[in-house]
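Each chain is listed here by its residues.
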4 protein chains.
Amino acid sequence: MQNKRTDLAVEAREIWQEGAEKTTQLKGVEADEEKVNGFTIETVRVINKEGEESIGKPIGTYITVNLEELIKKEEGAFTRGTEAIAAQLKKIMNIGKEQSVMVVGLGNSAITPDNLGPKTIRNTMVTRHLVEKVPEYFGSFRRVSAVQSGVLGTTGIESAELIKAVADEVKPDVIIAVDALASRKMSRVCKTVQITDTGIVPGSGIGNRRATLCKQTMGIPVIAMGVPTVVDAATLAADLMETAGMGEKSPDAFGKSGREMIVTPKEIDVYIEDISKLLGYAINLALHEGLTQNDVTMFLS
Amino acid sequence: MQNKRTDLAVEAREIWQEGAEKTTQLKGVEADEEKVNGFTIETVRVINKEGEESIGKPIGTYITVNLEELIKKEEGAFTRGTEAIAAQLKKIMNIGKEQSVMVVGLGNSAITPDNLGPKTIRNTMVTRHLVEKVPEYFGSFRRVSAVQSGVLGTTGIESAELIKAVADEVKPDVIIAVDALASRKMSRVCKTVQITDTGIVPGSGIGNRRATLCKQTMGIPVIAMGVPTVVDAATLAADLMETAGMGEKSPDAFGKSGREMIVTPKEIDVYIEDISKLLGYAINLALHEGLTQNDVTMFLS
Amino acid sequence: MQNKRTDLAVEAREIWQEGAEKTTQLKGVEADEEKVNGFTIETVRVINKEGEESIGKPIGTYITVNLEELIKKEEGAFTRGTEAIAAQLKKIMNIGKEQSVMVVGLGNSAITPDNLGPKTIRNTMVTRHLVEKVPEYFGSFRRVSAVQSGVLGTTGIESAELIKAVADEVKPDVIIAVDALASRKMSRVCKTVQITDTGIVPGSGIGNRRATLCKQTMGIPVIAMGVPTVVDAATLAADLMETAGMGEKSPDAFGKSGREMIVTPKEIDVYIEDISKLLGYAINLALHEGLTQNDVTMFLS
Amino acid sequence: MQNKRTDLAVEAREIWQEGAEKTTQLKGVEADEEKVNGFTIETVRVINKEGEESIGKPIGTYITVNLEELIKKEEGAFTRGTEAIAAQLKKIMNIGKEQSVMVVGLGNSAITPDNLGPKTIRNTMVTRHLVEKVPEYFGSFRRVSAVQSGVLGTTGIESAELIKAVADEVKPDVIIAVDALASRKMSRVCKTVQITDTGIVPGSGIGNRRATLCKQTMGIPVIAMGVPTVVDAATLAADLMETAGMGEKSPDAFGKSGREMIVTPKEIDVYIEDISKLLGYAINLALHEGLTQNDVTMFLS
């Protein structure tokens, strides 16, 4: 892995391949690609320990939805995008009609590129209290709660610890955890959604690595949704060098200063606004049967 | 009470007095006033059931620090203000050196005058993780954690329920809950801090009344700090009428529309910014022995 | 007028009628009402000096689009709303294909309910530089520039003075000035758009009254678009009293304190976000021929 | 220059030196360094055409105040910092007691690291209207106005064109223009203030290069104050390579993608908040005789 920092399984696989002889086969990892609703969907499956070690990601399924097509902004692209993401989310979540869900917004809301999780839960339809208190209107909705975990530096509590405590009280059947990720390539930043059933390590993207939110630690399935919003500076430098044909280097060669800064698009504020809406709406469509785009807008306003 | 909406004990007492014959004595309630560090401190003590019923506030102590003097902005007023508030907080909290504290920011961060609690915890020194992980530097600090509760409408979870779950996990010895309040008088809005050992009903100020955070529900002492940031429109109308000598009316006479709007200062954004800093710094001074203003600034930056 | 503070001509007319014998006719003022695209449109025309004096508004046309229907949020309501407003704007503006426009956002962006103008210009398609520099793509667009005037307290320059200087340099054919207004009734706040060809006095809603932006001062037609976002507290109190059958009072009876606070909906942050988008999109549709909703979204992102 | 992007004269000089034989002397450029009030001040003077060509910066004086010392956050550091910057600003501005000043905030307020200029003018004491209208209180103050220029993409008007129009109307004697800059080195980002009498090209840091604000274009002296808030990604990569001993490359070797992203500190939101206050307060001290830190706080609140 050469310490290139990435939270995306598609990139971890790519990095392995770059390092390996072209003829070698990556054992324990399966990958395929399909086109759904105009969007390219890549699926990486890590199927055993050998796969885990090769690409440094735990056993499970990693679905990547490429948003490039969305950004071309044809008529109805937002609607098609939410539907594409919702479809993948439903597939990987695979839950019954009566099961309840807690959506968790990870990340530091005071740092723009890390504010994706907190913003996404603002676009999530929260129904738990309504289903319980006004069943005549909301009886047909799934019970959904939404919690912002904060970060260790501002709460003094590990995100996983806080979420575990709340989940033990609220007792959802599934957790959906949303977070900003780090990519190795600028071309993927803000243009890719990764959905996985392996859970997530809070602070992957911007912060420091923390205790994992996953089935083992939470006791219930944890689906993670993430979008890369930054590249770390040293990984970027290493990649720019390779692209420019200057040979291959480890990011660590660039020293500590390269790890202290983040690389992010100029318009990151706008991207976070747009993508948090996209993810929130996709979650709503995936969680509530027969919901239209318009229902979501009405509910949230 | 005539349904005049107030979260301040000093106002509840005032309202009782306005309604009563001047000669009648308010039983079960004691009040006194002193001048500390240039600030007027009013203390109301509800000492028995009779007092509770008279002024509609639970048994306990309510300290009001009048910030009017701060707003005159003489040299050093911010420092004197934090010290005055910190002194009252220490007195009412009365905790041992080793005891840990959880500071809770109540309220909806998306509504400006209700964002006081969430903003205050951003100005709170969070040390729990540091005391545990870097004892060589932080061993002398009190363990402090900080949590934003969100509101029922955006989390689907009662604030008291969420905080109880987290407190049961984190096990602080005391909770300090910070919230925006409603006052009956515009002249008190953003100019008064109430500190009480009776806990708090989240959503008093802006939202709807919810399950109480108090010693009974949390199992540990709950100190509440609040600043009125709004007046409800019907209470205002009733008070304006009385001031103008137009007789006395119940706010309910103004109908439902008077209860749907809030009355707030034009510069509420600036007030919330300033007061959250004042409260946060006061909490820091109260919780950590021998801390200077300057230490706080260094820690938080 | 009894000093009831309103910036809406429909309300000024109402107030006159309330004060007058029901049989008296309001001279110099014409009014009619129609239903367009599901929205109620009220038009008040002040046609002479007598009308000006009666209702305290200058000679000209005042169109009010009632957004109540929008708020019911049926399918497609946003689109129908922008189209209804755009149609009225085009009618009152009545400009040729080649004429250029400067959109001015009035108000103080640091005060939430006064941030309508500044936010609206962020949703306005700015094309002046593109038409000039990339005519191959943008040659068919109208030249549109957009300026935020700031307020006297933060610039030291009267809004009208600053806009006149910029307009003399940029030389638009028409100015569209967008501002937050004050209404007398809570029921109209955030639910009414007033469009007028009489220009506007910056700071009507929240600030203090300043030099007018109008044809006389700017030398070119000034169309003003405004939405009431506040009620002043004293006007509210007077109205609540009347509604409650407590007789009629002048707002001034409530003294100075009633004029220092504003009354605004709890969710004013969300309203400003939504309405600024509505106005911005309506302006875009009115200024560029054959533009679709989707084109606007693509252009702005 | 090898296309390494920097707006700092000290860096331009450095780059020249790195490219040159150590023995060569840089003609037309003088440099010295002093320690004032605990801060290192570097002054670069470009004295003729030869100097201009060597380092790619126009003839004039460039003062750099190193804030590293501030960040150590000793007692009173903020006060010492504002005084150090104010002293340099006064020296380079050199204006008479009666002369008036317009402070211009350049940059796009919607992009966090480019919001330095707009935020700084919010911390500037604006007195022009007060001196004129309330001379009994403000007669002894200098007349100061403050304008936010916006950016071409959101106004359709070149910043220099807009500011020229306003300045011709308001007729200040001097313009102080504040903007975010680009540095080549991460170690200087948010840690250096450059003050120069050569004016500024808006959009140096984040946007695209535009018409210059300088004495030639504005007709009055233009003092520019800037703080680097970003590094461009390709420059960073080139520098990381050199530091790591991988040889010297032109940033252009990294292709277009390296120019589309920005590199910025994780905590850029906090930095912008703090530095805009530092610059605003320094401007206030430099413009008004005998002003104390405390006066500034009182005026702005």
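Residues numbered from 1 in each chain as written. Chains lettered and ligands numbered in written order. Predicted model: local features only at pLDDT ≥ 70, side-chain atom pairs only at ≥ 80, totals over all residues. Heavy atoms only, no water.

Asker: What should I look at first to understand the overall build of chain A in this one?
Answerer: The helix and strand tally for chain A stands at 13 helices and nine strands. The buried share among the 301 residues of chain A stands at 59%. Within chain A, residue pairs in contact and separated by at least 24 positions form 71% of the contacts whose partners lie at least 6 positions apart. Total accessible area on chain A is roughly 11700 Å²; 48% of this is exposed by carbon and sulfur atoms. (Helix = DSSP H or I, 4+ residues; strand = E, 2+ residues; numbered from the N terminus. Buried < 20%, exposed > 50% of the residue type's maximum accessible area, 1.4 Å probe, protein only. Contact = heavy atoms within 4.5 Å. Areas by Shrake-Rupley, 256 points an atom, 1.4 Å probe, with all protein chains shown as cover.)

Asker: Honestly, helix α9 (residues 159–170) of chain C in this entry has me stumped. Any pointers?
Answerer: For the α-helix, the turn length of 3.6 residues means that residues three or four positions removed from each other point alike. Residues and elements named next belong to chain C. The end-to-end C-alpha distance of α9, which contains 12 residues, comes to 16 Å, matching closely the 16 Å that a straight helix rising 1.5 Å per residue would cover. Within α9, burial applies to Ser159, Ala160, Leu162, Ile163, Ala165, Val166, Ala167 and Val170. In the stretch just after α9, Lys171 is the one whose phi turns positive, near 55°. (Expected span 1.5 Å × (residues − 1).)

Asker: Got a minute to help me understand the environment of A:Asp179 in this structure?
Answerer: Residues and elements named next belong to chain A. Along the chain, Asp179 falls in strand β6 (residues 174–183). Note on Asp179: relative accessible area 0%, which makes it buried. In sequence terms Asp179 and Thr6 are 173 residues apart; their C-alpha atoms lie 14 Å from each other.

Asker: Sorry, what's going on with the packing of helix α4 (residues 77–93) of chain C against helix α12 (residues 268–287) of chain C here?
Answerer: Helix-helix packing is described using two parameters, namely the angle between the two axes and the distance between the axes. Residue and element names in this part refer to chain C. In contact at an axis separation of 8 Å, α4 and α12 are set at 55° when each is read in the N-to-C sense. Considering their axes alone, α4 and α12 lie oblique with respect to each other. Seen from above, α4 lies across α12 with right-handed handedness. Taking contact as the criterion, the partners of Phe78, Gly81, Thr82, Glu83, Ile85, Ala86, Leu89, Lys90 and Met93 in α4 are, on α12, Lys277, Leu278, Leu279, Tyr281, Ala282, Ile283, Leu285, Ala286 and Leu287. Here the residues of the contact of α4 with α12 are counted per class, giving 13 nonpolar, two polar and three charged. (Axes fitted to C-alpha atoms, helices over the stretch in contact; angles between N-to-C directions. Parallel < 35°, antiparallel > 145°, perpendicular 65-115°, else oblique. Left-handed = near helix turned anticlockwise from the far one by under 90°. Nonpolar A, V, L, I, M, F, W, Y, C, P; charged D, E, K, R; others polar.)

Asker: Sorry, what's going on with helix α1 (residues 9–19) of chain D here?
Answerer: Listed as buried for α1(D) are D:Ala9, D:Val10, D:Glu11, D:Ala12, D:Glu14 and D:Ile15. In this fold, the buried residues of α1(D) make contact with β2 (39–46), α2 (49–55), β3 (60–66), β6 (174–183) and β7 (192–196) of chain D.

Asker: Can you help me understand the relation of the copies chain C and chain D in this one?
Answerer: Of the transformation superimposing chain C on chain D, the axial component is 0.0 Å and the angular component is 180°, with the fit at an RMSD of 0.0 Å. In short, the pair behaves as if placed about a two-fold rotation axis. Using C-alpha coordinates, one finds that chain C approaches the rotation axis most closely at C:Ala165, a distance of 2.8 Å. Counting the interface residues of chain C, we find that 100% of their copies in chain D are interface residues as well, pointing to one common contact surface. (Least-squares fit on C-alpha atoms with pLDDT ≥ 70 in both.)

Asker: What am I meant to see in the nonpolar core here?
Answerer: Inside soluble globular proteins, nonpolar side chains tend to come together where they are buried. Grouped together as the largest cluster of nonpolar side chains are 107 residues, with contacts concentrated most on A:Ile85, A:Ile176, D:Ile85 and D:Ile176. Once residues within four sequence positions are removed from consideration, A:Ile176 is found in contact with A:Leu89, A:Met93, A:Val101, A:Met102, A:Val103, A:Val104, A:Ile223, A:Met225, A:Ile283 and A:Leu287. (Core = buried A, V, L, I, M, F, W, Y, C linked by side-chain atoms within 4.5 Å.)

Asker: Quick question: what am I supposed to make of the confidence of the model for chain A here?
Answerer: Residues and elements named next belong to chain A. The predicted model of chain A averages 86 in pLDDT, with 84% of residues at 70 or higher. Per-element confidence in chain A ranges from a low mean pLDDT of 70 for helix α13 (residues 293–300) to a high of 98 for strand β4 (residues 101–106). Overall fold confidence for the complex sits at a pTM of 0.88, while the interface term, ipTM, reaches 0.89. (pLDDT = per-residue confidence, 0-100.)

Asker: When you look at the environment of D:Glu83 in this model, what are you seeing that I'm missing?
Answerer: Residue and element names in this part refer to chain D. Assignment of secondary structure puts Glu83 in helix α4 (residues 77–93). On the accessibility criterion, Glu83 (39% relative accessible area) is partly exposed. Between the alpha carbons of Glu83 and Leu285 there is a distance of 7.3 Å; along the sequence they are 202 residues apart. Dropping the residues within four chain positions of it, Glu83 is found in contact with Asn37 and Leu285.

Asker: Whenever I open this one, the pattern of salt bridges confuses me. Can you help?
Answerer: Close approach of charged atoms allows side chains of opposite charge to pair. Overall, the coordinates contain 48 salt bridges over all chains when judged by the stated rule. One salt bridge in this structure joins A:Lys185 and A:Glu14, with 3.5 Å as the shortest N-O distance. A residue pair is termed long-range when its members are at least 10 positions apart, and A:Lys185 in the loop between β6 and β7 (192–196) and A:Glu14 in helix α1 (residues 9–19) qualify at 171 residues. The residue B:Glu14 makes a salt bridge to B:Arg188 at a minimum N-O spacing of 2.5 Å. Of this pair, B:Glu14 sits in helix α1 (residues 9–19) while B:Arg188 sits in the loop between β6 (174–183) and β7 (192–196); the two residues are 174 residues apart in sequence, bridging distant segments of the chain. The pair B:Glu14 / B:Arg188 is uniform in exposure class, with both members buried. It is possible to trace a salt-bridge network through shared partners that takes in A:Glu11, A:Glu14, A:Arg184, A:Lys185 and A:Arg188. (Salt bridge = Lys/Arg side-chain N within 4 Å of Asp/Glu carboxyl O.)

Asker: In this structure, what is going on with unusual backbone geometry? I would like to understand it.
Answerer: Among all residues save glycine, negative phi is the norm, and among peptide bonds the norm is trans. For B:Asn94, which is not a glycine, the phi torsion comes out positive at approximately 50°. Along the chain, the position of B:Asn94 falls in the loop between α4 (77–93) and β4 (101–106). One non-glycine residue, D:Cys190, lies in positive phi territory at about 65°. Among the structural elements, D:Cys190 can be located in the loop between β6 and β7.

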